[in-house]
Each structure stands twice: as C-alpha cells, then as structure tokens.
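Descriptive analysis of the structure
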Amino acid sequence: MIPYNLKKGIIMDYLALKIPADIKQAITAHTVKDQPEPEEGGGYPFEGDNGAYKLCSTDMLQIVPAAYTDVKRGHHLEGDLYCDEEGLMKNSPHNWRASQMRYWHMKPREDQLTADWRDWCQIVGDAAFVVPATEENVKLMESILDS
C-alpha cells in the first residue's frame with residue numbers, strides 16, 4: 001500500500017547509498033521518509049544532513065540514471081546516481097564504484113548509444129545512488145552493503 005497524505009498527495013520514502021570516491025571508505029545507507037513523489041515536486045531532498053548535496057560533498061549536482069547489477073545473485077536495481085557536477089574542475093578522484101553503476105545502466109543499451117558510450121560512464125568525486133525505499137529495494141540495497 002502506498003501512503004497517501006491528503007495535503008501532500010502520495011508520499012514516499014527514499015534510500016540513498018553514499019558512495020565515496022575513496023574505496024577505503026565504506027558505502028553507507030541513508031533513509032529519508034515522507035517525501036512527496038517526484039511528480040508532485042518531491043523526491044530525494046537536496047538539503048539536510050542526509051540531503052544529496054551533503055552526501056556528495058558538493059554545491060552542484062548532476063543526476064543520471066544508474067543501476068546495480070549482481071550477475072552471480074541475479075540482482076538488478078535501477079535508480080538515480082547523484083554526482084558531483086564540479087568534480088572534474090575540482091580534480092576529484094575517479095569513483096570506480098559509481099562509474100560501475102553507470103556502466104551497468106548503459107551496457108544493456110549499448111546498441112542504441114554512440115561508439116564512445118563508455119566515456120559517459122566515468123564518475124569522479126563522491127556520489128549517491130538513490131531509489132524509492134520499497135521493501136524489495138531495501139533488501140537489494142542490504143545485499144549491496146554486504147558485498
């Protein structure tokens with residue numbers, strides 16, 4: 001059942017995985033509750049302690065589609081990748097884990113993309129992978145954190 005608030009319309013919970021560029025740092029999970037759905041001007045918040053700007057350690061964000069794929073376990077989860085838009089200008093380090101999520105989103109579509117599509121997978125700086133916090137998505141995110 002989807003929660004409904006008469007004043008706000010449909011409300012949603014979101015789960016974000018903070019993906020530091022430094023692979024020595026752990027990926028951490030953050031939940032934000034009771035947000036309006038994207039069609040109502042909501043979605044994952046930008047401001048606050050668990051907001052996208054804070055998670056990505058930046059003042060400018062770019063949101064791109066991404067996915068988590070675990071072929072061994074048969075898991076695939078599509079979501080949004082919040083990236084540091086100024087990362088290249090700040091000489092931020094390559095974020096291998098976030099770049100892999102971008103690759104997993106684009107690989108199934110490679111026949112529809114330009115020949116240099118892999119160049120568009122490169123993410124620098126900290127990032128956050130965001131999905132609605134459904135029961136199924138929470139279980140998949142837990143498996144990501146366990147891997």
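Look a little higher up for the structure.
Here is a short report on the structure shown in this document. Position numbers for residues count from 1 along each chain, tracking the sequence in the order it is written. Only residues with pLDDT of at least 70 are given local features in this predicted model, and only at 80 or more are side-chain atom pairs given and counted; all residues enter the totals for whole chains, interfaces and linings. Just so you know, side-chain values use all the structure's heavy atoms and leave hydrogens and water out.

We now examine helix H2 (residues 96–106). H2 sits mainly inside the fold: 8 of its 11 residues count as buried. Buried residues of H2: Arg-97, Ala-98, Ser-99, Gln-100, Met-101, Arg-102, His-105 and Met-106, and no others. When accessible area is computed with a 1.4 Å probe and restricted to protein chains, residues below 20% of their type maximum are described as buried, those above 50% as exposed, and intermediate ones as partly exposed. In DSSP terms, a helix is any run of H or I states spanning at least four residues, a strand is any run of E spanning at least two, and both are numbered starting from the N terminus.

What follows deals with the pattern of salt bridges. Salt bridges are identified by distance alone: a Lys or Arg side-chain nitrogen within 4 Å of an Asp or Glu carboxyl oxygen. Inspection of the entire model under this criterion finds 6 salt bridges. The salt bridge partner of Asp-70 is Arg-73, with a shortest N-O separation of 3.5 Å. Judged by relative accessible area, Asp-70 falls into the buried class, the value being 12%. Between Lys-139 and Glu-135 there is a salt bridge, with its nearest N and O atoms 4.0 Å apart.

Residues spaced three or four apart along an α-helix point in a common direction, a consequence of the helix completing one turn every 3.6 residues. Between its first and last C-alpha, helix H3 (residues 135–146) extends 17 Å over 12 residues, near the 16 Å set by a 1.5 Å rise per residue. All buried positions along H3 are accounted for by Asn-137, Leu-140, Met-141, Ser-143 and Ile-144. For H3, the angular spread of the buried residues around the axis is 155°, confining them to a single face. Set apart from the buried face of H3 by more than 90 degrees, the exposed residues are Glu-135, Lys-139 and Asp-146. In this analysis, the expected span of each helix is defined as 1.5 Å times one less than the number of residues it contains. Summarising the geometry, the arc corresponds to the directions from the helix axis toward the C-beta atoms.

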